[in-house]
Amino acid sequence: MKNIFSNKIKSVLVALAMVGFTSSCDVTDLQPANIIPDAEAFADANRVNAAVLGIYESAQRGFYLGAVQRGYPFGAASTQQGDMRGEDMYNDQLFYEITYINGFNPQTANNNGQWISLYRMINRANIVIENLDGAVSRGAITQAVRDQFMGEALFLRALAHHELVIYFSRPYSDNPSAPGIPYRTFAINDVSKVGPGEAVGRGTVQSVYDQLLADLNQAETLLGNGTSPFRANKGTAIALKARVFLHMKRWSDVITEYNKITSRYAVTANPLAPFRSGGTSSDNVFSFQNTQASNPGVNGALANMYGNPNLGARGLVKISPLIWRATWWHPEDTRRSVRGATDGFVSQGPLGIFTNKYTDAVTFSDPSIIIRFSEIVLAAAEANARLGNTQAAVTLLNSVRSRALPATVPAYTVADFANADALIDAIIRETRIEFLAEGRRFPNIHRLSGEGRMTGIPAKATSRSITGLNFYTTNVNIPTDHSLPYTSHLFIWPIPLEEILTNASAPIEQNPGY
């Protein structure tokens, strides 16, 4: 692949340390004048820190069709992908029509943009990992600083690979031997690295998860107990491990990781708190920070994509009337509260109901929230229910649900559930409500379909058919379409065609059906 300053970009773009960007294979212009060589990029403490921050920047502002600032891999664009693959959020315009109706192919720009930007982020992490020991030996940083930076890079590398394996591979819960995704553990920043880079195959889903856990276990030992949700720390590595273990059905391990951090974080009494005060509540485990000066731009900002157009947003995605009218969502749940003097969860307009979790549609400063403690609590609740620890599961479920309900609504008791399956279903429903508009729906559809609890993507409200508030407030018929059985090849995305065609020496295997 050529450098981004050249005329052609192949599919997997990655970054040289500090400011230089190249693709992961077939590099032809390795040293343009405005790229800082690794030795200089890691020459002093400030530059090393800047290189680490560069990994975060590549996650915050991804690469899409030759331009940065789109919301890939961890901004509004990727959040929308997770929501548009599911049924709880609704596609109101053409922007994510292809994802919503399962109409993608190996050349679909949004899916390819996610792949490209994730591997670009991964390569930045690998460049940092390979240069930290040299920075210590030159006296640029101390061993303690090296360990923190190494832990951050390993955490971010694992986070990116997990995103890839969810969207481009069959779930671990079905078949760990299914084809995985290339897990890149070395930097491609020299022409001599191109051949070995191309030779990294897909492996299996099992091998991807094994390396994910290796990275996260090492990160946990290296990271300190920082408190900022915008830099990785020991708690963030533990929380991501809990998420990974949930996908692997390793229920006891989910509980173990939850127990490690239960005194470190807390579910907020006000469910809206994680989305206010800059995203620094006790529930915020890890986020990518956005500011007026540094953000993913108009097409990568959460408030702009998800917000009510009556409030100056683009309003591409709104809450689906299917979940809004679900009989199991309590009508007095504060997560239904309409925007007003108390800054409610939703914003109501003539076109429907939009989330009010994200509010800055002007300067785009809403953080991209990646992991909240509430997710880990509900994961531990599900894990306990799977293991027959019913009372523990109900207690954890209530800790999230009850704070959103008036005191007159009784908490769940064990007697409310006929069996463990009924309790697990209630926990999964609570997860859908709590993480509405946060992009978490498809990852759960992915793992639950793999184990057979779901049969694929459920029917959705027909794209661009929900034209008024009456679909939410009356019993008018909701037209549905776009369901997808788990057995369909479209359940997972195709490997980008460019990735296959431009790998000169060892093209990786395309997903079946494409």
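Before reading further, recall that the structure is shown in the block above.
Reading the values: rules and limits
Residues numbered from 1 in each chain as written. Predicted model: local features only at pLDDT ≥ 70, side-chain atom pairs only at ≥ 80, totals over all residues. Heavy atoms only, no water. Helix = DSSP H or I, 4+ residues; strand = E, 2+ residues; numbered from the N terminus. Rg over C-alpha atoms; globule rule 2.2 N^0.38 Å. Buried < 20%, exposed > 50% of the residue type's maximum accessible area, 1.4 Å probe, protein only. Contact = heavy atoms within 4.5 Å. Axes fitted to C-alpha atoms, helices over the stretch in contact; angles between N-to-C directions. Parallel < 35°, antiparallel > 145°, perpendicular 65-115°, else oblique. Left-handed = near helix turned anticlockwise from the far one by under 90°. Pairing = 2+ DSSP bridges. Phe/Tyr/Trp six-rings, centres within 6.5 Å; stacked < 30°, edge-to-face > 60°. Core = buried A, V, L, I, M, F, W, Y, C linked by side-chain atoms within 4.5 Å. Nonpolar A, V, L, I, M, F, W, Y, C, P; charged D, E, K, R; others polar. Salt bridge = Lys/Arg side-chain N within 4 Å of Asp/Glu carboxyl O.

Undergrad: It is not clear to me how the overall build of the protein chain should be interpreted in this structure. Could you clarify?
TA: If you tally the helices and strands in the protein chain, you get 18 helices and 14 strands. Relative to the globule expectation of 24 Å for 514 residues, the C-alpha radius of gyration of the protein chain, 22 Å, shows essentially globular dimensions. Counting only C-alpha atoms, the protein chain reaches 65 × 45 × 45 Å along its principal axes. Within the protein chain, buried positions represent 62% of all 514 residues. Relative to all contacts within the protein chain whose residues are 6 or more apart in sequence, the contacts with residues 24 or more apart total 72%.

Undergrad: Can you walk me through the packing of helix α13 (residues 373-386) against helix α14 (residues 390-401) in this structure?
TA: Two numbers describe a pair of packed helices, the interaxial angle and the distance between the axes. Look at α13 against α14: their axes get within 8 Å of each other, and the N-to-C directions meet at 155°. Considering the angle they form, α13 stands roughly antiparallel to α14. Both α13 and α14 take part in a crossing whose hand is left-handed. Residues Ser374, Val377, Leu378, Ala380, Ala381, Asn384 and Ala385 of α13 form the contact with α14, whose own contacting residues are Ala392, Ala393, Leu396, Leu397, Ser399 and Val400.

Undergrad: Just to check I follow, could you spell out the pairing of strand β8 (residues 346-349) for this structure?
TA: Successive side chains on a regular strand alternate, one facing one side of the sheet and the next facing the other. In this sheet, strand β9 (residues 352-355) lies alongside β8 in antiparallel orientation, the contact comprising four bridges. Counterpart to valine 346 in the pairing with β9 is threonine 355. Hairpin connection from β8 to β9: two residues lie between these consecutive antiparallel strands.

Undergrad: Hey, could you run me through the packing of aromatic side chains in this one?
TA: The description of an aromatic ring pair uses the distance of the two centres, along with the angle that the planes make with each other. In this structure the tally under the stated criterion is 22 aromatic pairs. With a centroid separation of 6.4 Å and 50° between ring planes, the pair formed by tyrosine 56 and phenylalanine 286 is classed as tilted. Taken together, the residues tyrosine 56 in helix α2 (residues 45-60) and phenylalanine 286 in strand β6 (residues 284-288) connect sequence positions 230 residues apart. Phenylalanine 286 carries the same exposure label as tyrosine 56, and that label is buried. When the centroid spacing of 6.3 Å and the interplanar angle of 65° are considered together, the rings of tyrosine 56 and phenylalanine 288 count as edge-to-face. Note that tyrosine 56 is positioned in helix α2 and phenylalanine 288 in strand β6, a separation of 232 residues in sequence. Look at phenylalanine 288 and you get buried, because its relative accessible area is 2%.

Undergrad: Sorry, what's going on with the nonpolar core here?
TA: It is characteristic of soluble globular proteins that their nonpolar side chains tend to be buried jointly. Counting 107 residues, the largest nonpolar core has Phe155, Phe286 and Phe288 as the members making the most contacts within it. Of the residues forming this core, the biggest block, 14 residues, is contributed by helix α6 (residues 143-168). In contact with phenylalanine 155, other than residues within four places in its own chain, are Leu216, Ala219, Ala232, Thr236, Ala237, Leu240 and Phe286. Within the second largest apolar cluster, 36 residues are counted, among which are Met89, Leu302, Trp324 and Leu436.

Undergrad: What exactly am I supposed to notice about the packing of α2 against helix α5 (residues 109-137) here?
TA: Running from N to C, α2 and α5 cross one another at 165°; their axes reach a closest spacing of 9 Å. With respect to each other, α2 and α5 are oriented roughly antiparallel. Both α2 and α5 take part in a crossing whose hand is left-handed. For the pair α2 and α5, contact is made by Val48, Ala51, Val52, Gly54, Ile55, Glu57, Ser58 and Ala59 and by Arg120, Met121, Arg124, Ala125, Val128, Leu132 and Ala135, respectively. Per-class residue counts for the contact of α2 with α5 are 10 nonpolar, two polar and three charged.

Undergrad: Help me understand the environment of arginine 339, please; the structure alone is not making it clear to me.
TA: Mapped onto the secondary structure, arginine 339 falls in the loop between α12 (321-324) and β8. In this structure the C-alpha to C-alpha distance between arginine 339 and phenylalanine 354, which are 15 residues apart in sequence, comes to 9.8 Å. If we skip the residues at most four places from it in the chain, arginine 339 touches Leu311, Gly344, Val346, Ser347 and Asn356.

Undergrad: Sorry, what's going on with the side chain of asparagine 131 here?
TA: Note that asparagine 131 resides in helix α5. Each residue touching asparagine 131, except ones within four places of it in the same chain, is listed here: Asp38 and Phe42.

Undergrad: When you look at the pattern of salt bridges in this model, what are you seeing that I'm missing?
TA: When the charged atoms of two side chains with opposite charge come close together, those side chains can pair. Applying the stated rule across the entire model yields 36 salt bridges. Between arginine 464 and glutamate 97 there is a salt bridge whose closest N-O contact spans 3.3 Å. With arginine 464 in the loop between β12 (460-461) and α17 (470-473) and glutamate 97 in helix α4 (residues 97-100), this residue pair connects regions lying 367 residues apart in the sequence. Glutamate 97 sits in the buried class, given a relative accessible area of 14%. Arginine 231 is paired through a salt bridge with glutamate 152; the nearest N and O atoms lie 2.6 Å apart. Taken together, the positions of arginine 231 in the loop between α8 (205-222) and α9 (234-248) and glutamate 152 in helix α6 put the pair 79 residues apart, joining distant regions of the chain. Of the residues examined, arginine 231 reaches a relative accessible area of 25% and is grouped as partly exposed. For glutamate 152, a relative accessible area of 1% corresponds to the buried category.

Undergrad: Help me understand helix α3 (residues 76-84) in this model?
TA: Count 3.6 residues to each turn of an α-helix, and residues three or four apart come out pointing the same way. Of all nine residues that make up α3, nine are buried, and the element is covered over most of its length. Residues of α3 that are buried include every one of Ala76, Ala77, Ser78, Thr79, Gln80, Gln81, Gly82, Asp83 and Met84, and no others.

Undergrad: Help me out: how do you make sense of the environment of valine 205 in this one?
TA: Mapped onto the secondary structure, valine 205 falls in helix α8. For the pair formed by valine 205 and tyrosine 265, sequence separation is 60 residues and the distance between their alpha carbons is 31 Å. Residue contacts for valine 205: discarding those within four places in its chain leaves Ser169, Arg170, Tyr172, Asn175, Pro176, Ala178, Pro179 and Gly180.

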